[in-house]
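Commentary on secondary and tertiary structure
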There are 2 protein chains.
Amino acid sequence: MKFLLLSMGVALVCGFQPEYSRSQEDLSDEKEQKWLSGHWHLVELASSDTSLIGVEGPFRNFIQNITVENGNLNGLFLTRKNGRCIQLSLIALKTKEACHFKLNYHGINDIYYESSKTNEYARFILYNHHNGKVNVVANLFGRTPNLSDEIKKKFEEDFLSRGYRKENILDVSELDHC
Amino acid sequence: MKFLLLSMGVALVCGFQPEYSRSQEDLSDEKEQKWLSGHWHLVELASSDTSLIGVEGPFRNFIQNITVENGNLNGLFLTRKNGRCIQLSLIALKTKEACHFKLNYHGINDIYYESSKTNEYARFILYNHHNGKVNVVANLFGRTPNLSDEIKKKFEEDFLSRGYRKENILDVSELDHC
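Per an unreviewed UniProt entry, chain A carries the name Lipocalin/cytosolic fatty-acid binding domain-containing protein and comes from Sarcophilus harrisii. The Subcellular location (unreviewed entry) field of the UniProt record for chain A holds the comment "Secreted". A UniProt comment under Sequence similarities (unreviewed entry) is attached to chain A, and it reads "Belongs to the calycin superfamily. Lipocalin family."

The structure is reproduced here in structure tokens:
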């Protein structure tokens with residue numbers, strides 16, 4: 001039982017159950033990590049504060065790749081600073097809580113890995129705490145540069161349900177990713 | 001295996017592992033729900049916006065009891081409105097994501113059940129989305145009216161690490177709970 005508890009890592013406890021039924025032989029750390037690891041594309045981006053995701057905003061970062069190491073998420077992004085496209089590497093550290101990561105970047109961030117479908121999409125909700133304010137930034141990543149209208153609509157509806165405006169959501173699937 | 005996945009409810013996947021090692025026979029829905037159900041006391045309260053937790057603020061609510069029904073959390077609180085002490089019942093609905101609940105109250109709330117120790121304390125982080133703004137409200141509940149300095153200090157340090165001030169934390173263990 002103890003083995004089973006330990007081997008049920010990030011993916012299982014973060015909302016996969018409804019979309020993917022796993023068998024016992026899937027429960028190896030190596031396979032677990034493959035679910036989030038690898039190449040991703042930023043498809044949609046939304047924030048309570050649009051300046052955070054506007055051009056050269058601190059959270060307008062285009063995911064390229066995720067590596068999972070010891071339960072921590074190492075994200076490699078492309079971002080624009082002073083008119084130049086640069087690489088940005090961010091490491092979100094695991095916490096005691098499943099699905100919850102901490103990231104020191106532009107203040108402190110609580111990141112919740114909300115849902116995913118193996119090899120299709122992943123959704124992260126980030127709460128940025130900066131200078132005594134909190135803002136939300138939502139990211140929809142795809143294994144492909146674009147995703148189905150259904151997946152994108154669900155992401156948008158979820159964000160709008162929090163009381164924000166449609167203008168605060170950016171579909172970046174067709175944009176230059178930097 | 002399927003049974004095991006289904007039977008591992010709220011408690012397991014929300015950060016219990018480091019503090020409580022469970023055996024297979026613990027995994028019944030009934031026992032699972034007992035971990036959160038029952039009588040609680042509000043010990044500490046913190047927010048990015050102190051007006052939310054000030055006297056008659058919408059989140060200055062003193063937990064009395066939690067009931068878990070079909071995975072949803074039904075909380076019974078005491079709160080003060082227009083100088084009178086009244087009961088408030090709030091139902092946080094489960095989501096597809098473990099540890100994550102939604103509550104319609106003073107806007108929309110994402111509630112994350114962060115950590116707990118059976119029959120000792122429970123910690124909830126609530127992100128309130130209201131009129132296009134987001135604020136954080138952190139709650140520390142105890143099975144007893146007060147908790148050890150160690151548990152309270154950890155709650156405070158976690159809140160301060162997000163960049164907020166000590167004045168935004170209220171120790172209500174000695175206050176009139178209404």
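As a further point, take the state of the cysteines. Residue and element names in this part refer to chain A. Throughout the structure, instances matching the rule amount to two disulfides over all chains. Between Cys85 and Cys178 runs a disulfide, and the two sulfur atoms are separated by 2.0 Å. Since a negative S-S torsion denotes a left-handed disulfide, the Cys85-Cys178 link at about 110 degrees is right-handed. Taken as a pair, Cys85 in strand S5 (residues 84-94) and Cys178 in the segment after strand S10 (169-171) lie far apart in primary sequence, 93 residues in all. We classify Cys85 as partly exposed; its relative accessible area is 39%.

Okay, the side chain of Ser48 of chain B next. Within the secondary structure layout, Ser48 of chain B lies in the loop between strand S2 (41-47) and strand S3 (62-69). Among the polar contacts made by the side chain of Ser48 of chain B, one reaches the side chain of Asn135 of chain B at a distance of 2.7 Å. Apart from residues no more than four positions distant in its own chain, Ser48 of chain B is found in contact with Gly132 and Val134 of chain A together with Asn135, Val136, Phe159, Tyr164 and Asn168 of chain B.

Counted at 1.5 Å a residue, the expected span for helix H4 (residues 149-160) of chain B with its 12 residues is 16 Å, and the 16 Å between its end C-alpha atoms agrees. Along H4 of chain B, the residues that are buried comprise Ile151, Lys152, Phe155, Glu156, Asp158 and Phe159 of chain B. Along the axis of H4 of chain B, the buried positions cluster into a sector of 160 degrees, meaning they face one direction only. When the buried face of H4 of chain B is taken as reference, the exposed residues oriented beyond 90 degrees from it are Asp149, Glu150 and Lys153 of chain B. Each element contacted by the buried residues of H4 of chain B is listed here: strand S6 (100-104) of chain A together with S2, strand S7 (108-117), strand S8 (121-130), strand S9 (133-142) and strand S10 (169-171) of chain B.

Applying the stated criterion across every chain yields a total of 14 aromatic pairs over all chains. Between Tyr112 of chain A and Tyr127 of chain A, the ring centres sit 6.1 Å apart and the planes meet at 70 degrees, which makes this aromatic pair edge-to-face. Pair noted here: Tyr112 of chain A is in strand S7 (residues 108-117) and Tyr127 of chain A is in strand S8 (residues 121-130), with a separation of 15 residues, a long-range link. By relative accessible area, Tyr127 of chain A is classed as buried at 0%. Here a set of aromatic residues connected by ring pairs shows up, and it is made of Tyr112 and Tyr127 of chain A together with Tyr112 and Tyr127 of chain B. Its guanidinium or amino end placed over the ring of Trp40 of chain A, Arg143 of chain A lies 3.8 Å from that ring's centre, counting from NZ or CZ.

Moving on, we get to the UniProt feature "domain: Lipocalin/cytosolic fatty-acid binding" (unreviewed entry) in chain A. UniProt annotation of "domain: Lipocalin/cytosolic fatty-acid binding" (unreviewed entry) refers to residues 37-174 of chain A when read in the numbering used here. Between the C-alpha atoms that bound residues 37-174 of chain A the distance is 23 Å, and the span itself is 9% helix and 55% strand.

Reading the values: the criteria
- Residues numbered from 1 in each chain as written.
- Chains lettered and ligands numbered in written order.
- Predicted model: local features only at pLDDT ≥ 70, side-chain atom pairs only at ≥ 80, totals over all residues.
- Heavy atoms only, no water.
- UniProt positions renumbered as here; feature names shortened; annotations may be inferred.
- Disulfide = S-S within 2.5 Å.
- Helix = DSSP H or I, 4+ residues; strand = E, 2+ residues; numbered from the N terminus.
- Buried < 20%, exposed > 50% of the residue type's maximum accessible area, 1.4 Å probe, protein only.
- Polar contact = N/O pair within 3.5 Å; in protein donor to acceptor, adjacent residues only side chain to side chain.
- Contact = heavy atoms within 4.5 Å.
- Expected span 1.5 Å × (residues − 1).
- Arc of directions from axis to C-beta.
- Phe/Tyr/Trp six-rings, centres within 6.5 Å; stacked < 30°, edge-to-face > 60°.
- Lys NZ or Arg CZ within 6 Å of the ring centre and 35° of its normal.

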